[in-house]
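So you can see what is in the structure, the chains are spelled out below.
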Amino acid sequence: ANSEEEYDLVTVLQVLEHLPDPRAALRKIRSLLRPGGTLVAAVPDAGSIEARVTGAAWFHLDLPRHLVHFSTSGLLRLLAEEGFSVESVHGDLTVHAVAGAGVAWDRFRGGMPRTRLGWRIRGAFARAAVLLGRIASPPLVEIWARRAG
């Protein structure tokens, strides 16, 4: 983008966790947004119940591709520090998140046999993860924020 161009909207959906310096990326995004412009960011939530329960087996840990992991509160703090005013915060239960619950179960339990029973257990774990996500904290968070000033 030309340094003189300003944008109304920038989206970074499951991008920030892949960057070696998300703070610098947010600073650059802020410079590209017009005053009052909107940023939509979505990241896996390292503070979610799924992340806490599965620990090192958490699907969205995804090393080495995910270089940084955010909790919702950590990303909110970073956005505020970089000149964004948060408009809304939403939990995200996408199909990707539900599928991740099954993978996390496999990793958490050290693998599951590829039998009918194994598939039923995976399915039950994925349904439980969706239910927990709906009543507590989903594995992904989406934040809408405006450029302040």
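Going by the structure above, here's the rest.
Just so it is clear, the structure is predicted and the values come from calculations on it, not from any experiment.

**A few points about the nonpolar core**
Counting residues in each nonpolar core, the largest one holds 18 residues, and the members touching the most others are Leu16, Leu26, Ile29, Leu39, Leu75, Leu79 and Phe84. Broken down by secondary-structure element, the contributors of at least two residues to this core are strand E1 (7-13), helix H1 (22-32), strand E2 (33-44), helix H3 (72-81) and strand E4 (140-147). The element contributing the most residues to this core is E2, with four residues. Ignoring sequence-local partners within four residues, the contact set of Leu79 consists of Leu26, Leu39, Phe84, Val86 and Ile143.

**Focus on H1**
Pro22, Ala25, Leu26, Ile29 and Leu32 are the residues of H1 that are buried. Buried positions in H1, seen along its axis, are confined to an arc of 120 degrees and lie on one side of it.

**Remarks on the side chain of Arg147**
Residue position: Arg147 is located in strand E4. Glu6 provides the closest opposite charge to the buried, unpaired Arg147, separated from it by 4.1 Å. One polar contact links the side chain of Arg147 to the main-chain carbonyl oxygen of Leu33, over a distance of 2.4 Å. Setting aside its immediate chain neighbours within four residues, Arg147 contacts Glu6, Arg30, Leu33, Arg34, Pro35, Gly36, Gly37, Gly83 and Phe84.

**What to know about unusual backbone geometry**
The linkage connecting Leu63 with the following residue, Pro64, adopts the cis geometry, with an omega of 5 degrees. Examined against the element boundaries, Pro64 turns out to sit in the loop between helix H2 (49-54) and H3.

Rules of the game
- Residues numbered from 1 in each chain as written.
- Predicted model: local features only at pLDDT ≥ 70, side-chain atom pairs only at ≥ 80, totals over all residues.
- Heavy atoms only, no water.
- Core = buried A, V, L, I, M, F, W, Y, C linked by side-chain atoms within 4.5 Å.
- Buried < 20%, exposed > 50% of the residue type's maximum accessible area, 1.4 Å probe, protein only.
- Helix = DSSP H or I, 4+ residues; strand = E, 2+ residues; numbered from the N terminus.
- Contact = heavy atoms within 4.5 Å.
- Arc of directions from axis to C-beta.
- Lys, Arg positive; Asp, Glu negative; His and termini not counted.
- Salt bridge = Lys/Arg side-chain N within 4 Å of Asp/Glu carboxyl O.
- Polar contact = N/O pair within 3.5 Å; in protein donor to acceptor, adjacent residues only side chain to side chain.

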